[in-house]
Structures are given as structure tokens and as C-alpha cells.
Amino acid sequence: MCVALAVVVVCAVRFSGHAAAIGAWLAAALLLVIALPLHLLFEVPAAVAGRPSDWRDLGARIALVAGGLLFAGLAAASGPQHGHAVAGYQPVPRWTRRWAYVAVALPVVGWAVPHGLWALGVPFGMPQHDLNSIHEELSTPTGLAITLVPPLAGLLVLGLVQRWGQQFPPWVPGLRGRRVPRLLAVVPAGAVALALVTYGVLSVAVFVGQLVAGDLHWSEVWDEWASAATLLVFLSWGVSLGVTTAGYALATRPGREQTTAAGVSA
């Protein structure tokens, strides 16, 4: 894989155009998916809160994320340049806003609510003995981090449908009113969406495989239905985030401002 990535770098540096950009984008997506940012989303706060963690694994994942972002920058630099970036705020389609609200609500309703109840000792969709085991293994700060980090991170999705996702707010020192680089929003959001969908699909596949093989029974699923439902939450979260990101990308694509102005004048 390292040799293949080196070849992509050489081709992107020596040549330019769609082929070089596509190769760099594929490399960026590969590294970001392998890194599984969702794992970092949970593991880093837990490690900071004192949970024993494999810092070598976390360091490697952070390096993969950094490499993916660097390849994304390389793809943007090596690809053909089309016009100028959108300077002002471009309203996103209505359907994009709807999907964004779904992407914000899912981690709250599907993750924070059940985990908050579990942290309070309420056996919501989970047997009491399993809940007791969780309380024995997790400290209060770790439980709070696991509960609060996903919905707080989910709030960033609103930036894809609000003005502050295209123009820096007035309170940002040195960047007030300036345009937010398009890829700064599209690449991380797209990578997280792809990682969530990948994780959700693989988890559902393993879940179905266990049911078919008889390693898991429906009675157990019913006893732990809230935990099993989180698999669908991740998958739905990734889909809604991906659709929202696509809407943002369409709204902020280069040349749209000129097209909109021409349509208004006509």
C-alpha cells in the first residue's frame, strides 16, 4: 500500500489533470476509511478521561487521518482548476436542510438518550446485569465522554446548511467574513460519512451472520434491543451526513454564483 501511495504522489506531482486528482482522492478516501475516525471519536475522550487505551493504535489512526487530509489537499492542487470559488453565501437546497436535521437528531435520540439513561442506571433496552457490568468497567468521566461527544460532534453538521459553514463568523480572529475553504468542510464530512456507513454495513452484516449461524438468538436481541438498534443509528447517521455533504458540495461548487446571478438577471 505504501508503494502504491508513493506512486500516486509521484504521478500527482509530475502530472496534473483528472487522472492524477482521482488517484489522490481515492488514496485520501482509503486512508480516512482505514483510520475509522469514529473510533477516534470515542477512544480519544475515553483515554483522556483515564480509560486504559492503546496509544500506539490511536497514534497510527491519527497519522492515517492526517495522511488522508494531505492526500485530499494534493488532489485539490493537482486537479484542473475551474473558475473561482464561491465568494458569498450560497443557500443550500431545502432537501439538504432536512437531511442535516436528521443527521443532527440521530446521534442525540439514537445514542445520547440511551447512553445517558444507562449512565444514570436505567436499564433502557438492556438487562440489568449487563448494565451493572458496564458501570463496573466505565468511570463517570468516561461515560459522560462517550455519551456527549457524538451529539456534540453531530452539531457540526449544521455548518453545512448555515452561513457559518461558508463564511467564517465575525468572532473568529483574523478570518472574520472570509470564505471557508470548500474542501475544509467537504473532505472531513465525506470521510466521516463514509466511515459511518462502512461501520454500519459491516456491523449489520456481522449481526445478521450471527443470527443465521445461531450464535445469536432473537430472544437475546429483544433483551438488548437498544444496543442492537445503535447499528442502524450509525448506518442512518452516515447516510444522512453523506446526503447533506453532497448538498453542500452542490451549493458551493465553483461557478454556481455566476450561474445564479445570470438566472436572476434573465
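Below is a short write-up of the structure. If you're wondering where the values come from, they're calculated on a predicted model, not measured in any experiment. (Residues numbered from 1 in each chain as written. Predicted model: local features only at pLDDT ≥ 70, side-chain atom pairs only at ≥ 80, totals over all residues. Heavy atoms only, no water.)

Focus on the side chain of T147
Moving on, step 1. Positionally, T147 belongs in helix α7 (residues 140–154).
Moving on, step 2. Residues in contact with T147, not counting those within four places in the same chain, are W111, A112, H115 and G116. (Helix = DSSP H or I, 4+ residues; strand = E, 2+ residues; numbered from the N terminus. Contact = heavy atoms within 4.5 Å.)

Quick look at the environment of P254
Moving on, step 1. Within the element layout of this structure, P254 appears in the loop between α10 (225–251) and α11 (256–265).
Moving on, step 2. Remark: the alpha-carbon pair of P254 and R182, spanning 72 residues in sequence, is separated by 9.5 Å.

Regarding the packing of helix α8 (residues 182–213) against α10
Moving on, step 1. In contact at an axis separation of 8 Å, α8 and α10 are set at 150° when each is read in the N-to-C sense. With respect to α10, the element α8 is oriented roughly antiparallel. In the packing of α8 onto α10, the handedness of the crossing is left-handed.
Moving on, step 2. Here the residues of the contact of α8 with α10 sort into 21 nonpolar, six polar and one charged. (Axes fitted to C-alpha atoms, helices over the stretch in contact; angles between N-to-C directions. Parallel < 35°, antiparallel > 145°, perpendicular 65-115°, else oblique. Left-handed = near helix turned anticlockwise from the far one by under 90°. Nonpolar A, V, L, I, M, F, W, Y, C, P; charged D, E, K, R; others polar.)

What about a nonpolar patch on the surface?
Moving on, step 1. Where nonpolar side chains cluster on the molecular surface, the patch consists of W95, W99, V102, V239 and L250 and spans about 420 Å² of accessible area.
Moving on, step 2. When contributions to the nonpolar patch are tallied by element, the ones reaching two or more residues are α5 (94–119) and α10.
Moving on, step 3. No other element matches α5, which puts three residues into the nonpolar patch.
Moving on, step 4. Of note, V239 is situated in helix α10. (Patch = residues over 30% accessible without salt bridge, like charges linked within 9 Å, V, L, I, M, F, W, Y side chains within 5 Å. Areas by Shrake-Rupley, 256 points an atom, 1.4 Å probe, with all protein chains shown as cover. Salt bridge = Lys/Arg side-chain N within 4 Å of Asp/Glu carboxyl O.)

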